[in-house]
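# Structure assessment
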Amino acid sequence: MRAGFGNNNIDTCARVCHSPTGYGLKTTLGESAGTQTFASVAHADVVLVMGSNPTEAHPVFGSRLKRRLRQGAKLIVIDPRGIELVDAPHIRADYHLPVNPGANVAVLNAMAHVIVSEGLEDEAFISQRCDTAQFAHWLDFIREPRHAPEELETATGVTPQVLREAARLYATGGNAAIYYGLGVTEHSQGSTAVMAIANLAMLTGNMGREGVGVNPMRGQNNVQGSCDMGSFPHELPGYRHLSDAATRSLFEAEWQVELDPEPGMRIPNMFDSAIDGDFRGLYCQGEDVAQSDPNTQHIQAALAALDCLVVQDIFLNETAKFAHVFLPGSSFLEKNGTFTNAERRISPVRRVMPPLAGKEDWEITQDLANAMDCPMHYDHPSQIMDEIARLTPTFQGVSYARLDELGSIQWPCNERTPAGTPVMHVDTFVRGKGFFALTEYVATDERANRRFPLLLTTGRILSQYNVGAQTRRTANSNWHSQDTLEIHPHDAEERGVVEGDWVGIESRVGTTVLRAFISERVKPGVVYTTFHHPLSGANVITTDNSDWATNCPEYKVTAVQVSRVTEPSAWQARQQRFDRRQQQLLGAATAE
């Protein structure tokens with residue numbers, strides 16, 4: 001993109017999930033990634049799970065976590081919904097803080113306020129490891145009475161005494177680890193919340209050893225690797241900003257091209273510009289924006305406005321139905337390469353069968369580049385990894401030979417850490433001294449009102465993965481054949497809704513219809529759904545509100561009204577017709 005198209009209009013699916021993690025952790029700790037291995041949870045005495053549902057969305061780690069909890073570790077859950085970990089067989093959270101959607105920063109500030117007002121901070125860690133002048137500034141801020149749990153109860157929806165006890169447990173319970181997910185980042189204050197989480201960890205000295213740390217639960221396979229490789233409009237591989245001339249010169253010398261120093265468009269900017277007629281072409285690889293991005297009707301209008309949409313994927317997903325050109329992707333069984341997960345672990349992917357389409361993903365990209373007079377001459381992806389190692393300090397010691405020898409490597413991997421780095425920030429932070437960012441709570445503009453009195457939040461279920469492009473094509477759909485709307489019995493009774501009814505969910509940008517599932521897992525005033533099935537239209541009703549720093553969409557807070565209806569929405573009817581037509585065209589093309 002940068003060398004061939006000559007611009008920086010490149011972005012990744014992390015834009016809509018963990019881009020606030022990159023911003024928040026880079027600001028406070030100096031590196032845009034999690035601090036621990038997943039195995040580190042075995043050394044935790046207290047686990048704080050916030051905005052994440054590990055047993056459903058990250059079941060492998062969820063199993064590790066449950067094992068540690070059965071061994072006696074304490075658990076704090078901060079979530080609007082009563083996820084499985086709150087009350088499950090053999091496991092019960094010591095504290096559940098059912099935060100109102102949109103009030104994460106208020107809860108985190110209140111916890112920090114309790115810790116400092118009761119003198120529970122780790123003074124030695126702060127004085128040795130953190131920017132003490134900035135800490136003093138932050139301390140004045142967080143001590144203000146307006147951050148007390150009692151003052152913030154209306155905003156948070158959390159009982160002050162419960163919040164105080166949870167804060168004390170986190171600060172005094174031994175090794176304390178924070179695991180957070182999209183329920184933290186997908187908010188208008190996602191980046192602020194990530195910085196507040198880092199503040200809590202530094203405040204209590206829970207950094208730089210096993211059993212502690214700040215651990216983002218990434219939303220998709222290899223999304224960490226995508227970020228590591230500079231798939232953002234403002235960064236080159238290794239999270240180095242385009243504006244840095246020295247970094248840019250390394251890539252210019254390697255690629256024999258002059259790079260534009262100005263950041264390009266983010267995904268939302270691309271779609272807005274497409275509708276305005278200023279952005280004419282898009283190459284979309286391995287991402288289904290037509291289903292996964294918010295305000296679906298806006299996204300569909302943008303895709304339809306493009307002069308050229310190229311989609312490369314292993315299935316004809318929802319975005320591919322708008323494509324002018326469809327290029328076949330290769331599955332993990334059909335290609336060589338690496339995946340990098342949320343613990344910064346680079347794992348080898350080795351081909352076990354020839355790609356059904358005849359080429360691996362990297363070969364298709366290379367052919368496209370060469371056709372555009374952007375020369376690429378790799379014979380094997382190991383050569384691409386060698387180039388990454390030459391140009392990226394944190395990957396300096398990574399090679400296919402080293403991966404085959406060690407099995408996997410956690411970056412940074414270089415001369416100082418030739419076997420990788422399981423735990424980050426052991427003796428010092430990457431940025432030098434830890435930075436306590438001021439985390440002012442600002443209520444989201446997306447609020448319940450008389451017209452839209454309920455707040456919708458979204459999540460995932462165990463048997464389906466993300467937008468379901470893969471899992472919907474398996475027998476897993478026997479367990480979850482459609483997305484439903486969880487609604488509290490009180491809210492259902494007010495609307496005359498009973499189990500299984502069709503209910504219309506209307507927001508300020510759209511309407512969809514789902515079956516009602518009456519549940520006390522959500523509290524009154526909050527409704528919940530998943531987004532695994534395209535015809536459910538969950539993102540037809542989510543808005544274009546986004547994080548102030550990164551434009552990560554605010555999927556987790558949408559003001560809605562729910563009412564009993566008798567048929568699918570107008571959008572769902574149109575979408576069914578569109579889908580049938582696309583399938584007919586595919587069938588005709590296949591027959592030819």
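A brief structural summary. Given the structure is predicted, the values throughout are model-derived calculations rather than measurements.

Definitions and cut-offs
Residues numbered from 1 in each chain as written. Predicted model: local features only at pLDDT ≥ 70, side-chain atom pairs only at ≥ 80, totals over all residues. Heavy atoms only, no water. Axes fitted to C-alpha atoms, helices over the stretch in contact; angles between N-to-C directions. Helix = DSSP H or I, 4+ residues; strand = E, 2+ residues; numbered from the N terminus. Left-handed = near helix turned anticlockwise from the far one by under 90°. Contact = heavy atoms within 4.5 Å. Nonpolar A, V, L, I, M, F, W, Y, C, P; charged D, E, K, R; others polar. Pairing = 2+ DSSP bridges. Core = buried A, V, L, I, M, F, W, Y, C linked by side-chain atoms within 4.5 Å. Buried < 20%, exposed > 50% of the residue type's maximum accessible area, 1.4 Å probe, protein only. Expected span 1.5 Å × (residues − 1). Arc of directions from axis to C-beta. Phe/Tyr/Trp six-rings, centres within 6.5 Å; stacked < 30°, edge-to-face > 60°. Lys NZ or Arg CZ within 6 Å of the ring centre and 35° of its normal.

## A short note on the packing of helix H15 (residues 296–305) against helix H21 (residues 570–591)
At a minimum axis separation of 12 Å, H15 and H21 run at an interaxial angle of 35 degrees. The element H15 and its partner H21 pack so that their crossing is left-handed. In this structure, H15 uses Thr-296, Gln-297 and Gln-300 to contact H21, whose residues at the interface are Trp-571, Arg-574 and Gln-575. Here the residues of the contact of H15 with H21 sort into one nonpolar, four polar and one charged.

## Focus on the pairing of strand S18 (residues 502–506)
As judged from the five bridges shared by S18 and strand S19 (residues 511–518), these two strands associate in the antiparallel manner. Each residue of the ladder has a partner; that of Val-503, found in S19, is Leu-514. In textbook terms, the turn of a hairpin is the stretch between consecutive antiparallel strands, and for S18 and S19 this stretch comprises four residues. By the bridge criterion, four bridges tie S18 to strand S21 (residues 558–564) in an arrangement that is antiparallel. Bridged to Val-503 within S21 is Arg-564.

## What to know about the nonpolar core
Ile-76, Ile-78, Met-111, Trp-138, Tyr-170 and Leu-203 are the most contacted members of the largest nonpolar core, which has 53 residues in total. Here this core gets 10 residues from one element, more than from any other, and that element is helix H4 (residues 104–117). Residues within four places of Met-111 in sequence aside, it is in contact with Leu-48, Ile-78, Leu-163, Ala-166, Ala-167, Tyr-170 and Leu-200. Core analysis: the second largest hydrophobic core is formed by 21 residues, Phe-38, Phe-61, Leu-75 and Leu-85 among them.

## Things to note about helix H3 (residues 59–70)
Taking 1.5 Å per residue, 12 residues should reach 16 Å; H3 reaches 16 Å between its end C-alpha atoms and fits that length. When we look at burial in H3, the residues that qualify are Phe-61, Gly-62, Leu-65, Arg-68 and Leu-69. Seen end-on, H3 carries its buried residues on one side only, within an arc spanning 125 degrees. Considering only its buried residues, H3 is in contact with strand S1 (46–50), helix H2 (54–57), strand S2 (74–78), strand S4 (91–92) and strand S6 (176–180).

## Observations concerning the sheet that holds S19
Within the closed barrel, the six strands sit side by side as S16-S20-S17-S19-S18-S21. Their pairing is mixed. For this sheet, the mean inter-axis angle between neighbouring strands, taken without regard to orientation, is 45 degrees.

## Observations concerning the sheet that holds strand S5 (residues 95–97)
The strands making up a sheet associate through backbone hydrogen bonding, with each pair oriented either parallel or antiparallel. Pairing within the open sheet is parallel, and its five strands lie in the order S5-S2-S1-S6-S7. Pairing within the sheet leaves two strands with one partner each, and these edge strands are S5 and strand S7 (214–216). The sheet shows a mean angle of 15 degrees between the axes of neighbouring strands, direction not considered. As paired strands, S1 and S2 are joined by five bridges and run parallel to one another. Paired with Val-46 across the strands is Lys-74, a residue of S2. Lying on the sheet, helix H8 (residues 160–172) is in contact with S1, S2, S5 and S6; it crosses S5 at an angle near 125 degrees.

## Observations regarding the packing of aromatic side chains
The description of two aromatic rings rests on the distance between their centres and on the angle between their planes. Scanning the model with the defined rule gives 11 aromatic pairs in all. Put simply, the rings of Phe-38, Phe-61 and Tyr-179 pair up and form one aromatic cluster. The ring of Phe-315 has Arg-473 lying over it, and the distance from NZ or CZ to the ring centre is 4.3 Å.

## Here's the deal with the side chain of Thr-37
Topologically, Thr-37 is positioned in the loop between helix H1 (19–28) and S1. In contact with Thr-37, other than residues within four places in its own chain, are Glu-210, Glu-343, Arg-345, Gln-410 and Pro-422.

## What to know about the packing of helix H12 (residues 245–255) against helix H17 (residues 381–391)
At a closest axis distance of 10 Å, the pairing of H12 and H17 adopts a crossing angle of 145 degrees. Here the hand of the crossing between H12 and H17 comes out right-handed. Residue-level contacts link Leu-250, Phe-251, Glu-254 and Trp-255 of H12 to Glu-387, Arg-390 and Leu-391 of H17. For the contact of H12 with H17, the per-class residue count stands at four nonpolar, no polar and three charged.

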